[in-house]
Amino acid sequence: MIKKHKRIISGAMRRTSRIFLTTANAGKVHALTAFLHQQANVIRYFAEMFWSTHDLSANLAEKAVTDRAARRFGITARLAQMAAKQAKELVRSQQEREQKRLPRLRRVSVNIDSRGVTIEQGKRSFDVALRFGSRVPAVTALLNHTKHSRKFLADGWTLSQSLRMGLKQGKVWIDLIFEKPKPALRETGEMLGIDLGYRYV
């Protein structure tokens, strides 16, 4: 997939660590929940559009297409672009399958890049501050790292400037994304054999 907003580390390995938004007040959770449902609907709209037009290319959606969705759903162009990008990835996931079918976004799961969130060092007793904007509800969510996410930081992983957010049993979760350069391929060592794909009977 062609990236308009590239990763911090090009070609990096990526891992996620999930944290539930348990410290936010009810008003923030309600606003984020409403946003997630709407954005998931926009992703489904784009997925059906790309599927029906057989658009399986890696190209970003044209501005005229995202602008149409922005007007239809009353969202910003940035949110429409993020939804179109995620929908493209959904549709393209069917390319290598023998039985191709329209992919369904059954669970509410939304990708948000640096156009919709700023990830900063937390203040006071919190480790991370997520500042949402661009019509993602303008709230700040404060998080503390878990044992799982602390392990990534201790192992030299870098916190990405994008995240994934969704709902599970009515609770808002955040997937923090960690990146790390791929290790260099080993060029020395003992050769055990080569698999040629032949089968001897």
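Above this text is the structure in question.
All of these numbers come straight from a predicted model, not from anything done at the bench.

A.B. asks: Explain the pairing of strand 5 (residues 140-143) to me, please; I cannot follow it from the model alone.
C.D. replies: Note on strand geometry: in a regular strand, side chains alternate between the two faces of the sheet. Alternating positions in strand 5 separate cleanly, Ala141 and Leu143 being buried on one face and Thr140 and Leu142 remaining unburied on the opposite face. Across 4 bridges, the pairing between strand 4 (residues 128-132) and strand 5 is antiparallel. Note that in strand 5 the partner of alanine 129 across the bridge is leucine 142.

A.B. asks: Would you mind going over the sheet that holds strand 5 with me for this structure?
C.D. replies: Either a parallel or an antiparallel arrangement is found when strands of a sheet pair, and the pairing is made through backbone hydrogen bonds. Read from one edge of the open sheet, 3 strands run 3-4-5, paired in antiparallel fashion. Edge positions in the sheet fall to strand 3 (117-121) and strand 5, since each has one partner strand and no second. Each strand of the sheet is rotated relative to its neighbour by a mean of 20°, with strand direction disregarded.

A.B. asks: How should I be thinking about the side chain of threonine 66 in this particular structure?
C.D. replies: Structurally, threonine 66 can be placed in helix 2 (residues 63-73). Using a relative accessible area of 2% as the deciding quantity, one classes threonine 66 as buried.

A.B. asks: Just checking my understanding: could you explain the packing of aromatic side chains for this structure?
C.D. replies: What characterises a pair of aromatic rings is the spacing of the ring centres plus the angle enclosed by the ring planes. Summed over the entire model, instances satisfying the criterion amount to 5 aromatic pairs. Here phenylalanine 152 and tryptophan 157 contribute two aromatic rings whose centre-to-centre distance is 5.5 Å and whose plane-to-plane angle is 70°, an arrangement assigned as edge-to-face. As far as the burial class goes, phenylalanine 152 and tryptophan 157 line up, both buried. An aromatic cluster is built from Tyr45, Phe46, Phe50 and Phe73, whose rings are joined through pairwise contacts. In this arrangement the basic side chain of arginine 18 is found over the ring face of tryptophan 173, its NZ or CZ atom lying 3.6 Å from the centre. Against the face of phenylalanine 50 rests lysine 88, its NZ or CZ located 5.1 Å from the ring centre.

A.B. asks: Could you clarify how one ought to interpret the pattern of salt bridges in this entry?
C.D. replies: Two side chains carrying opposite charge are able to pair once their charged atoms lie near each other. In total, this model carries 11 salt bridges according to the counting rule given. As a salt-bridge pair, arginine 131 and glutamate 120 come within 2.6 Å of each other at their nearest N and O atoms. Here the residue arginine 131 occupies a position in strand 4, and glutamate 120 occupies one in strand 3, the gap between them amounting to 11 residues. Judged by its relative accessible area of 32%, glutamate 120 falls in the partly exposed class.

A.B. asks: I keep staring at the sheet that holds strand 2 (residues 109-112) and nothing clicks. Help me out?
C.D. replies: The antiparallel open sheet is built from 4 strands, whose spatial order is 1-7-6-2. Strand pairing shows two members of the sheet lacking a second neighbour, strand 1 (13-20) and strand 2, which therefore form its edges. When strand polarity is set aside, the average angle formed by the axes of neighbouring strands in this sheet is 25°. The pairing of strand 6 (residues 158-168) with strand 7 (residues 171-180) spans 8 bridges and is antiparallel. Paired with leucine 167 across the two strands is valine 172, which belongs to strand 7. Together, strand 1 and strand 7 form the strand contacts of helix 4 (residues 147-154), whose direction differs from that of strand 1 by roughly 150°.

So, how was this worked out
- Residues numbered from 1 in each chain as written.
- Predicted model: local features only at pLDDT ≥ 70, side-chain atom pairs only at ≥ 80, totals over all residues.
- Heavy atoms only, no water.
- Buried < 20%, exposed > 50% of the residue type's maximum accessible area, 1.4 Å probe, protein only.
- Helix = DSSP H or I, 4+ residues; strand = E, 2+ residues; numbered from the N terminus.
- Pairing = 2+ DSSP bridges.
- Axes fitted to C-alpha atoms, helices over the stretch in contact; angles between N-to-C directions.
- Phe/Tyr/Trp six-rings, centres within 6.5 Å; stacked < 30°, edge-to-face > 60°.
- Lys NZ or Arg CZ within 6 Å of the ring centre and 35° of its normal.
- Salt bridge = Lys/Arg side-chain N within 4 Å of Asp/Glu carboxyl O.
- Contact = heavy atoms within 4.5 Å.

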